[in-house]
Amino acid sequence: MSLQAIRYKRGELQLLNQLLLPDRTEYEDIKTVQDGWRAIKEMKVRGAPAIAIAGCLSVGVEVANRDFKSAEELVKFVTDSLAYLVTARPTAVNMAEAAVRFSKEIAQHSKESHSNKEKLREWFLQAVQDMLDQDVEDNKAMGRFGAEHILQNVGEKRVTVLTHCNTGSLATAGYGTALGVIRALNEKKAIEEVYCTETRPYNQGARLTAYELVYDNIPATLITDSMAAALMRTRGISAVVVGADRVVANGDTANKIGTYQLAILAHHHGVPFYIAAPSTTCDLSLPTGDRIVIEERPHKEMTHVNGTRLAAEGIKCWNPAFDVTPHDLITGGIITEKGVFPPDKLEAALRKLTGQDR
């Protein structure tokens with residue numbers, strides 16, 4: 001059984017406080033939308049898919065437990081709450097995608113149900129439950145597509161893979177995106193070794209990915225971020241597989257800071273570089289990565305560890321949470337639940353598969 005970042009049943013939500021891992025495993029009750037916003041902002045829950053799911057479920061908790069005077073009041077609460085949750089961490093597109101989609105759908109259902117608030121409540125609660133369930137199915141499909149593509153592409157029966165940040169069960173509803181691909185490779189007994197970066201400054205690789213790999217008994221080795229070049233030169237890396245927080249129309253991809261430099265290194269060493277992300281992470285409204293808003297985090301995340309200052313007092317800091325990898329460095333492909341696509345073919349493929357090309 002994989003680790004759970006999100007525990008949910010109708011009217012009740014608990015989120016694993018990932019800031020405490022791997023030392024302590026504690027779940028926090030999320031009773032309001034404000035609780036959900038704070039958990040996302042403080043990175044107690046993180047990973048683009050998990051942010052969207054946790055945010056929408058926090059709305060679901062209030063929808064289940066509050067008494068609304070009318071259907072109009074319920075619709076306004078859902079729409080306003082979703083828009084508010086987008087502001088917690090704006091670079092990750094999944095929350096914004098869910099907010100737009102659910103806001104449109106609940107407005108439409110309001111018209112169809114003739115403003116019956118109980119029917120609207122039931123529809124929304126089922127919709128967020130379906131979102132939770134669908135994420136796991138999509139991740140497993142991504143894992144299958146990615147594993148098959150990597151093995152065929154590199155022509156090896158067993159592969160050595162490098163990954164960055166955390167993209168597993170702790171970043172999704174379960175199984176994972178890039179780490180889901182690694183899980184699928186492991187299920188095929190095709191993993192020789194997984195290398196994970198520590199992922200400074202928040203150490204999601206050391207704290208979370210290493211935790212998941214050990215939990216699943218997948219052969220793995222931790223490296224510091226600055227060791228990646230030497231690793232690719234000396235350890236026979238077969239492929240690099242990372243996740244994404246936003247993929248735009250031309251294939252440019254925003255992901256955890258440090259991804260761009262890994263893509264450059266992979267290109268130099270002739271190592272296929274893959275992005276693994278669900279189609280909900282693909283933002284076809286933006287033409288290029290230059291349009292992506294990059295979140296900047298507090299300086300204290302760089303200067304302190306567990307409240308202890310490491311950096312010199314008075315030093316200035318620059319702490320972007322993400323960087324953008326140009327599409328031409330994504331040489332392996334973009335792995336989605338619908339298949340694996342070259343970056344320059346992604347937009348056309350997704351539009352065709354979703355009927356938007358008509």
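Overview of the structure. (Residues numbered from 1 in each chain as written. Predicted model: local features only at pLDDT ≥ 70, side-chain atom pairs only at ≥ 80, totals over all residues. Heavy atoms only, no water.)

**Details of the sheet that holds strand β8 (residues 246–248)**
Operational definition: At least two DSSP bridges between two strands are needed for those strands to be called paired. Here a helix means four or more residues in a row that DSSP labels H or I, a strand means two or more in a row labelled E, and each is numbered from the N terminus. By the convention used here, residues are in contact when the closest approach between their heavy atoms is within 4.5 Å. Between N-to-C directions, angles span 0 to 180 degrees; the directions come from axes that are lines fitted to C-alpha atoms, helices contributing only their stretch in contact.
Taken together, the four strands give an open sheet; going across it, the order is β11-β8-β9-β14, and neighbouring strands pair in mixed fashion. Both edges of this open sheet fall to β11 (282–283) and β14 (322–325), since each of them pairs with a single strand only. Of the pairings in the sheet, the one linking β8 to β11 comprises two bridges and is parallel in character. Bridge pairing in β11 links valine 248 to aspartate 283. Strands in contact with helix α9 (residues 259–269) are β9 (253–256) and β14; relative to β14, the strand with the most contacts, it is inclined by about 35°.

**Some remarks on the pairing of strand β7 (residues 239–242)**
Note the threshold: Buried residues are those whose accessible area, probed at 1.4 Å on protein chains only, stays under 20% of the maximum for their type, while exposed residues exceed 50% and partly exposed ones sit between those limits.
Where burial is concerned, the two faces of β7 agree: the one with Ala239 and Val241 and the one with Val240 and Val242 are both buried. Looking at chain direction, strand β4 (residues 159–163) and β7 are connected through two bridges and run parallel. Bridge assignment links valine 161 to a residue of β7, and that residue is alanine 239. Taken together, the three bridges between β7 and strand β10 (residues 273–276) define a ladder with parallel strand orientation. Looking across to β10, one finds that valine 240 is bridged to phenylalanine 273.

**Section: the environment of alanine 348**
Structurally, the position occupied by alanine 348 is in helix α11 (residues 343–353). As for alanine 348 and leucine 286, which are separated by 62 residues in sequence, their C-alpha atoms are 14 Å apart.

**Focus: the nonpolar core**
Let me state the cut-off plainly: Only buried residues count toward a nonpolar core. Its members are Ala, Val, Leu, Ile, Met, Phe, Trp, Tyr and Cys residues joined through side-chain atoms within 4.5 Å.
Counting residues in hydrophobic clusters, the biggest one holds 51 residues, and the most contacted among them are Ile6, Tyr8, Val59, Val78, Phe102 and Phe124. Looking at this core, the elements with two or more residues in it are β1 (6–9), β2 (12–16), α1 (33–41), α2 (48–65), α3 (71–86), α4 (93–112) and α5 (117–154). Not counting chain neighbours up to four residues away, the residues in contact with valine 78 comprise Val59, Val63, Ile106 and Phe124.

**Section: the sheet that holds β2**
Read across the open sheet, the three strands follow the order β1-β2-β3; overall the sheet is antiparallel. Pairing within the sheet leaves two strands with one partner each, and these edge strands are β1 and β3 (27–29). Put simply, the sheet's adjacent strands are angled 20° from each other on average, direction ignored. Sheet topology note: the β2/β3 ladder contains three bridges and is antiparallel. By the bridge assignment, leucine 16 is partnered in β3 with tyrosine 27.

Taken by themselves, the reported measurements are silent on function.
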